[in-house]
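Fold and geometry: a report
Given next are the chains, with one letter for each unit.
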Amino acid sequence: IGEGRQDEDNLSLYIRFSEGADEDDLWKTDGFTDLTKYGHKAQLFGSELASLEATTSSADEGEEGKVRLLYDLVYSEGAPRNRATGVAVEVLRGTSLDVGMLHASHNK
């Protein structure tokens, strides 16, 4: 890990879906914000079939007043199986999410 590194430095992507606390549903078109220093953007596919609900997990809620509530992304049970739904994060070559596959010169 290295001397002087904080736990946060080891995160490549962290999304709390806290946009669910907003009055509007802009997350359906704007996507979700990565809370790490890398600032990735997560886009939602099939947003009209999804909702954000207060989490029931035992995840760390953070310090009261400093961190927004944690939400779960939930897709409708009636979502058609022949339609793509999910969350996509663009992974650019050399970024924190790039896992290093296909890095040979002929794969450029």
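For the structure, see preceding data.
Overview of the structure. (Residues numbered from 1 in each chain as written. Predicted model: local features only at pLDDT ≥ 70, side-chain atom pairs only at ≥ 80, totals over all residues. Heavy atoms only, no water.)

**Topic: the overall build of the protein chain**
The criterion, for reference: Elements are defined by DSSP. Helices are runs of H or I of four residues or more, strands are runs of E of two residues or more, and each kind is numbered from the N terminus. Buried residues are those whose accessible area, probed at 1.4 Å on protein chains only, stays under 20% of the maximum for their type, while exposed residues exceed 50% and partly exposed ones sit between those limits. In this analysis, two residues are considered to be in contact whenever any of their non-hydrogen atoms come within 4.5 Å of each other. Note on areas: Shrake-Rupley with a 1.4 Å probe; residue coverage comes only from the protein chains shown.
Each helix and strand counted, the protein chain has 1 helix and 5 strands in total. When its helices and strands are written in sequence order, the protein chain yields α-β-β-β-β-β. For the protein chain, the proportion of its 108 residues judged to be buried stands at 20%. Within the protein chain, contacts between residues separated by at least 24 positions form 52% of all contacts whose residues are at least 6 apart in sequence. As displayed, the protein chain has an accessible area near 8100 Å², and 49% of this comes from carbon and sulfur atoms.

**Thoughts on the pattern of salt bridges**
It is possible for side chains bearing opposite charge to pair when their charged atoms get close. To be explicit about the condition: Basic side-chain nitrogens of Lys or Arg form a salt bridge, by our definition, when they fall within 4 Å of a carboxyl oxygen of Asp or Glu.
Tallying each qualifying case throughout the model produces 1 salt bridge. Where R83 meets E48, a salt bridge forms, and the shortest distance between an N and an O atom there is 2.3 Å. With R83 in the loop between β4 (71–75) and β5 (86–89) and E48 in the loop between β2 (41–45) and β3 (50–54), the pair connects residues that are 35 residues apart, well separated along the chain.

**Focus: a negative patch on the surface**
To keep things clear, this is the line we draw: Patch criteria: residues need more than 30% relative accessible area and no salt bridge. Like-charged residues are merged within 9 Å; nonpolar side chains of Val, Leu, Ile, Met, Phe, Trp and Tyr are merged within 5 Å. When charges are tallied, Lys and Arg are placed among the positive residues and Asp and Glu among the negative ones, while His and the ends of the chain are skipped. To locate a charge, take NZ of a lysine, CZ of an arginine, CG of an aspartate or CD of a glutamate.
Residues E23, D24, D25 and D30 make up a contiguous surface patch of negative charge. Inspection of the secondary structure puts E23 in the segment before α1 (27–30).

**Quick look at the nonpolar core**
What counts is decided by this rule: Put simply, buried Ala, Val, Leu, Ile, Met, Phe, Trp, Tyr and Cys residues joined by side-chain atoms within 4.5 Å make one nonpolar core.
I15, F17, W27, F32, A42, L44, A50, L52 and Y71 form the largest nonpolar core, which has 9 residues in total. Among the elements of the structure, β2 and β3 are those that each provide at least two residues to this core. Apart from the residues lying within four places of it in its own chain, the contact partners of Y71 are R16, F17, S18, G20, A21, L52, E53, A54 and T55.

**Some details on the sheet that holds β5**
Rule in force here: Strands are labelled as partners when DSSP assigns at least two bridges between them.
The strand order across the open sheet built from 3 strands is β1-β2-β5, with neighbouring strands paired in antiparallel fashion. Looking at which strands have only one partner, the edges of the open sheet turn out to be β1 (32–33) and β5. Alignment of β1 against β2, held across 2 bridges, turns out to be antiparallel. The partner of T33 across the bridge, within β2, is K41.

Just distances and angles here, no functional claims.
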